[in-house]
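Secondary and tertiary structure notes
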Amino acid sequence: MASSSSTRTTSSDSGGEPVALATALASFSDLWSPRIVTAVNDYDVRIAKVEGERVWHVHDHTDEFFLVLEGELTIALRETAGERTVVLPQGSVFTVPRGTEHRPAAPTGAAILLFEPTGTSTVGDRHDEIPDHVDATTGHALG
């Protein structure tokens, strides 16, 4: 796996105003390219539209939280006991433990919310070759 050293491309702060997630999701169309909707302490709350497979990757120093807002997300995991896949229908949450190699996928498309430390790369600390459809970023500002 290659190493990644992406830096944050932009910052976002809701400025104390509510953020309507449906409106935020409607404001962009890029897939696998998360938008930062707000921050909580040193964590970003990111939303993304996803379809197809992401890249196998690992976050060595942080867990990764997923909430499925629309559609269905699957996450393939490579664990000590072997490989398994978790299926997350709309409204489900799952946390990938730090150090666990994983690959999210959404064959028919989904919208997700992620909760990660600010500056966390979307392709982790180690990853397979990054395909053209995957945005290696630490998040983009909303709007």
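Look up a bit, the structure's there.
Residues numbered from 1 in each chain as written. Predicted model: local features only at pLDDT ≥ 70, side-chain atom pairs only at ≥ 80, totals over all residues. Heavy atoms only, no water.

1. Brief notes about the packing of aromatic side chains
Note the threshold: Only rings of Phe, Tyr and Trp enter the pairing, Trp through its six-membered ring, and a pair is recorded when the two centres are within 6.5 Å. The plane angle decides the type: under 30 degrees is stacked, over 60 is edge-to-face, the rest tilted. Placement of a charge over a ring requires the Lys NZ or Arg CZ to be within 6 Å of the ring centre, with the centre-to-atom vector within 35 degrees of the ring normal.
One pass over the full model with this rule turns up one aromatic pair. Across the ring face of Phe28, the terminal group of Arg35 is positioned such that the distance to the ring centre comes to 4.6 Å. Sitting over the face of the ring of Trp56, Arg78 holds its NZ or CZ atom 3.7 Å from the ring centroid.

2. Details of the nonpolar core
Selection criterion: Nonpolar core, defined: a set of buried Ala, Val, Leu, Ile, Met, Phe, Trp, Tyr and Cys residues in which side-chain atoms within 4.5 Å join the residues together. Partly exposed residues are those whose accessible area sits between 20% and 50% of the maximum for their type, while under 20% is buried and over 50% is exposed, using a 1.4 Å probe and protein chains only. Numbered from the N terminus, helices here are DSSP runs of H or I no shorter than four residues, and strands are runs of E no shorter than two. Throughout, a contact is declared for two residues whenever any of their heavy atoms are within 4.5 Å.
Counting 16 residues, the largest nonpolar core has Val50, Phe66, Leu73, Ile75, Leu88, Phe94 and Ile112 as its most contacted members. For this core, the elements supplying multiple residues, two or more each, are strand 3 (43-53), strand 5 (64-79), strand 6 (82-89), strand 7 (93-96) and strand 8 (101-117). Per element, the largest residue contribution to this core is five residues, and it comes from strand 5. Sequence-distant contacts of Val50, defined by excluding residues within four places in its chain, comprise Leu31, Trp32, Leu73, Ala106, Gly109, Ala110 and Ile112.

3. Thoughts on empty space enclosed by the protein
Applicable threshold: Here a cavity denotes a set of grid points, spaced 1 Å apart and computed over the protein atoms alone, in which a 1.4 Å probe fits but from which it cannot get out, and a pocket denotes an open set meeting protein on both sides within 12 Å along at least five of seven lines; residues with an atom within 4 Å of a point are reported as lining. Grid points are joined across faces, edges and corners, and a volume is the space filled by probe spheres set on the points. Three classes are used, and their members are as follows: Ala, Val, Leu, Ile, Met, Phe, Trp, Tyr, Cys and Pro are nonpolar, Asp, Glu, Lys and Arg are charged, and the others, Gly among them, are polar.
Across all of its chains, the model carries one cavity of 30 Å³ or more by this definition. A volume near 110 Å³ is recorded for the largest cavity. Lining the largest cavity are 14 residues, and of these Trp32, Arg54, Glu64, Leu114 and Thr122 lie nearest its centre. Within the residue set of the lining of the largest cavity, elements represented by two or more residues are strand 3, strand 5 and strand 8. At four residues, strand 8 tops the list of elements feeding residues into the lining of the largest cavity. Looking at the lining of the largest cavity, its residues break down into eight nonpolar, three polar and three charged.

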